[in-house]
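Structure assessment
Chain by chain, the residues:
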Number of protein chains: 2
Amino acid sequence: MALRHAVLAALLDGELSGYQLAKAFDVGVANFWHALPQQLYAELARLEKEGLVAGRRVVQETRPAKRLFHVTDAGLTELQRFAADASKPSFIRDDLLVKVQAADHVDAGALIRQVEERAAMAEAKIDLFRRILRKMRGDLGEEEFIRAGRRVGPYLTCLRGLAFEEGNRDWCRRTAAILRDRNAAVAGGNAAVAGEGTPAVPGESTAPAARPPEVARAGR
Amino acid sequence: MALRHAVLAALLDGELSGYQLAKAFDVGVANFWHALPQQLYAELARLEKEGLVAGRRVVQETRPAKRLFHVTDAGLTELQRFAADASKPSFIRDDLLVKVQAADHVDAGALIRQVEERAAMAEAKIDLFRRILRKMRGDLGEEEFIRAGRRVGPYLTCLRGLAFEEGNRDWCRRTAAILRDRNAAVAGGNAAVAGEGTPAVPGESTAPAARPPEVARAGR
DNA sequence: CTCCCCTAGTCAAGGATATGACTATTCAAC
DNA sequence: GTTGAATAGTCATATCCTTGACTAGGGGAG
């Protein structure tokens, strides 16, 4: 149940409405947690009922009224308690990686497109994170901000997001290039794929890897 | 519903029992998907009922009997269908990042310990992934294997896992160093933190971090 | 003038994951 | 000589997360 703590952590940087939180927790932006609007509104309601956040209604002229939430003392205590006990290890769960895992048994063209698309998304996030970091540190240089700026927390998580997306982009580019090369090799001279390494698959014939129609053959 | 496809992808590399799958999908090992044993047994049962995998019973002398599963033609077709349609973007969801996000309002000592612990875990996974990669490519050099080896899929996902954990380790180390420095600065001369003189966190013993009441206030 | 997007928030339902416990046998250590 | 880890697998419950839809007003593009 870390969503509640993610919400509390996000609200440390100032009052936010459910809607603003929802934008911050969006897939395209979130650099330390992700959640959908519905989850956030529900979690805010629970947090408020438990006294960990408090909201105040703000009426606007041109927009619907909103409720701005902030962390209460009890909420901060809870967050500190959470920060003190052990973190569960995080793990990878990515559609695209599943597809790449199966790369040798699956249509190469479609996969390459998806990997390239992901690279572009990573690039976009890199730009975004760079902008956010610049904005956070203001006039100060990075070293200086990190040493002496107030609130490094968000800066540090954003750095992780940046490094993650850079890794993502680099891997996607390399992977796309590799898959393209291998696909070209198979399409051109058919003898290019060497069979070496671990012979782990029992029912697999010698058919060339990649290419949609003739991939099958999981014998028994 | 990508777990089923992750299972199919994992079974492409040869027959596996539920138990072996469970080990492969464990937090400490999984480099493209993670799941608990219960989930996997349940998913295998569903997949078998739908004819996407088939299992055969293998009686062992010293160990309990097991069922080895392999992907059927229908399963491969399903996996190919999955690989062809769009991947949903992946996202970050990490306890530790939540805590770092709140770093300025939370006990520094405990947090630093956790970040260092995570760095050590990352290091262990790096070693593991390097061993796995070496084993996969056998005698071939990396470039050669990537160009001509059969089954690059698992190699590529493992490369992603490796890069991810390297990024993790580097970020954890840097973060730990930064938090240590800032903590020392606060503990030593209190004037070291620029901004509004809001000292991040008092050391291990003293009372609450960053006074709660003045958290709020965001304009507009 | 209409359509669509943005702000702001809510409801219901179902699928996916996590927590915790439980059966059995075997090998190795203490 | 009993505890503990590893193999092999199952059950039930609870919470979490996702999908899809819906209200309602304002602003901008065409």
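Everything numeric here is computed off the predicted structure, so don't read it as measured data. (Residues numbered from 1 in each chain as written. Chains lettered and ligands numbered in written order. Predicted model: local features only at pLDDT ≥ 70, side-chain atom pairs only at ≥ 80, totals over all residues. Heavy atoms only, no water.)

1. Examining the packing of aromatic side chains
Going by this rule: Aromatic contacts are taken between Phe, Tyr and Trp rings whose centres are within 6.5 Å, Trp giving its six-membered ring; a plane angle under 30 degrees counts as stacked, one over 60 as edge-to-face, and the others as tilted. Working rule: Lys NZ or Arg CZ, within 6 Å of ring centre, within 35 degrees of ring normal, means a charge sits over the ring.
Applying the stated criterion to the full structure yields five aromatic pairs over all chains. Over the ring of F82(B) we find K99(A), and its NZ or CZ is 4.9 Å from the ring centre.

2. What to know about the sheet that holds strand β1 (residues 16–17) of chain B
All names here are of chain B. As a reminder of what qualifies: Two strands qualify as a pair provided DSSP detects at least 2 bridges between them. Elements are defined by DSSP. Helices are runs of H or I of four residues or more, strands are runs of E of two residues or more, and each kind is numbered from the N terminus. Residue contacts are counted whenever heavy atoms from the two residues lie within 4.5 Å of one another. The angle between two axes is taken between their N-to-C directions and runs from 0 to 180 degrees, where each axis is a line fitted to C-alpha atoms and a helix contributes only its stretch in contact.
Reading across from one edge, β1-β3-β2 is the order of the three strands in this open sheet, with antiparallel pairing throughout. Either end of the sheet is taken by a strand with one partner, and the two such strands are β1 and β2 (53–58). Pairing of β2 with strand β3 (residues 66–71), which is carried by six bridges, proceeds in the antiparallel orientation. Bridge pairing in β3 links G55 to F69. Packing against the sheet, helix α1 (residues 3–11) makes contact with β1, β2 and β3, and its axis sits at approximately 95 degrees to β3. Packed onto the sheet, helix α3 (residues 37–49) meets β2 and β3 and runs at close to 110 degrees relative to β2.

3. Some thoughts on the protein's contact with DNA strand C
Note the following rule: We call a residue near a molecule or strand when any one of its heavy atoms sits within 4 Å of it. Side-chain atoms alone can form a polar contact between residues adjacent in sequence; in general such a contact is a pair of N or O atoms within 3.5 Å, and within protein one must be able to donate a hydrogen while the other accepts it.
What surrounds DNA strand C is a group of 23 residues, the closest being Q60(A), M1(B), Q38(B), Q39(B) and T62(B). R93(A) is positioned such that a nitrogen or oxygen atom in its side chain is 3.1 Å from a phosphate oxygen of DNA strand C. For the surface near DNA strand C, the element with the highest residue contribution is helix α2 (residues 18–24) of chain A, accounting for three residues.

4. What to know about helix α6 (residues 108–137) of chain B
Stated formally: What a helix should span is 1.5 Å times the count of its residues minus one.
Look at α6(B): 43 Å from first C-alpha to last across 30 residues, which is about the 44 Å you get at 1.5 Å a residue. Here α6(B) starts with a cap whose side-chain oxygen sits 3.1 Å from the backbone nitrogen of A110(B), and that cap is D107(B).

5. What to know about the interface of chain B and chain A
Here is the rule we go by: Joining two parts hides part of their accessible area as seen by a 1.4 Å probe, and the buried area is that hidden amount summed over both. Whenever Lys or Arg places a side-chain nitrogen within 4 Å of a carboxyl oxygen from Asp or Glu, that contact is recorded as a salt bridge. Each residue is assigned to one of three groups, with Ala, Val, Leu, Ile, Met, Phe, Trp, Tyr, Cys and Pro labelled nonpolar, Asp, Glu, Lys and Arg labelled charged, and all others, Gly among them, labelled polar.
Across the boundary between the two partners, chain B contributes 92 residues, which contact 93 residues of chain A. Roughly 8,500 Å² of surface becomes buried between chain B and chain A when both sides are summed, with 60% attributable to carbon and sulfur atoms. For E142(B), the salt bridge goes to R174(A), with nearest N and O atoms at 3.2 Å. Remark: the boundary between chain B and chain A carries 38 residue pairs in polar contact (both at pLDDT 80 or more). At the level of secondary structure, the elements contributing two or more residues to the side of chain B that touches chain A comprise α1, β3, α4 (73–84), α5 (95–101), α6, α7 (142–148) and α8 (153–187) of chain B. Among the elements that make up the side of chain B that touches chain A, the one with the highest residue count is α8(B) (15 residues). Among the residues making up the side of chain B that touches chain A, the classes are represented as 50 nonpolar, 19 polar and 23 charged.

6. Regarding the relation of the copies chain B and chain A
Short version of the rule: Copy-to-copy alignment: least squares on C-alpha atoms, limited to residues at pLDDT 70 or above in both.
It takes a turn of 180 degrees to lay chain B on chain A, together with a shift of 0.0 Å along the axis; the resulting RMSD is 0.0 Å. On the angle and the small slide along the axis, the relation comes out as a two-fold axis. An overlap of 91% is found between the interface residues of chain B and their copies at the interface of chain A, pointing to a shared contact surface.

7. Quick word on the protein's contact with DNA strand D
In the region of DNA strand D, 23 residues are neighbours, and M1(A), Q38(A), Q39(A), Q38(B) and Q60(B) sit closest. In the interface set of DNA strand D, defined as its atoms within 4 Å of the protein, sugar plus phosphate atoms amount to 64%. In the model, a phosphate oxygen of DNA strand D is placed 3.4 Å from a nitrogen or oxygen of the Y41(B) side chain. Within the contact set of DNA strand D, a phosphate oxygen lies 2.8 Å away from a backbone nitrogen or oxygen of R67(B). Of all the secondary-structure elements, those providing two or more residues to the surface near DNA strand D are α3 (37–49) of chain A together with α2 (18–24), α3 and β3 of chain B. When grouped by side-chain class, the residues that make up the surface near DNA strand D number eight nonpolar, eight polar and seven charged.

8. So, the confidence of the model for chain A
For clarity, the cut-off: Per-residue confidence from the prediction method is given by pLDDT, with values spanning 0 to 100.
Summing up the model confidence of chain A, the mean pLDDT is 86 and the portion of residues at 70 or higher is 85%. Note on residues 191–220 of chain A: pLDDT is under 50 here. Beyond four places in sequence and across chains, it has 62 contacts.

9. A closer look at the nonpolar core
Here is the rule: Buried residues of nine kinds, namely Ala, Val, Leu, Ile, Met, Phe, Trp, Tyr and Cys, make up a nonpolar core once their side-chain atoms join them within 4.5 Å. The buried label goes to any residue with under 20% of its type's maximum accessible area, the exposed label to any with over 50%, and the partly exposed label to all in between, with areas taken from a 1.4 Å probe on protein chains only.
The biggest cluster of nonpolar side chains holds 115 residues, and the ones touching the most others in it are F25(A) and F25(B). Once residues lying within four places of it in the same chain are set aside, the contact partners of F25(A) are A6(A), V7(A), A10(A), A30(A), F32(A), W33(A), H34(A), A35(A) and L40(A).

10. What about the side chain of R169(A)?
Residues and elements named next belong to chain A. Residue position: R169 is located in helix α8 (residues 153–187). Taking relative accessible area as the criterion, R169 reaches 15% and is therefore assigned buried. Beyond its immediate sequence surroundings of up to four residues, R169 is in contact with A119, A122, E123 and I126.

11. Some words on the pattern of salt bridges
All names here are of chain A. Applying the stated criterion across every chain yields a total of 38 salt bridges over all chains. A salt bridge links R67 to E48; its shortest N-O distance comes to 2.8 Å. With R67 in strand β3 (residues 66–71) and E48 in helix α3, this residue pair connects regions lying 19 residues apart in the sequence. Taking the relative accessible area as the measure of exposure, E48 reaches 29% and is therefore partly exposed. For the salt bridge of R173 with E123, the shortest nitrogen-to-oxygen distance reads 2.8 Å. Placement of R173 in helix α8 and of E123 in helix α6 (residues 108–137) is noted, with a sequence separation of 50 residues between them. A relative accessible area of 48% places R173 in the partly exposed class. A network of salt bridges, in which partner residues are shared, links R4, E43, R46 and E50.

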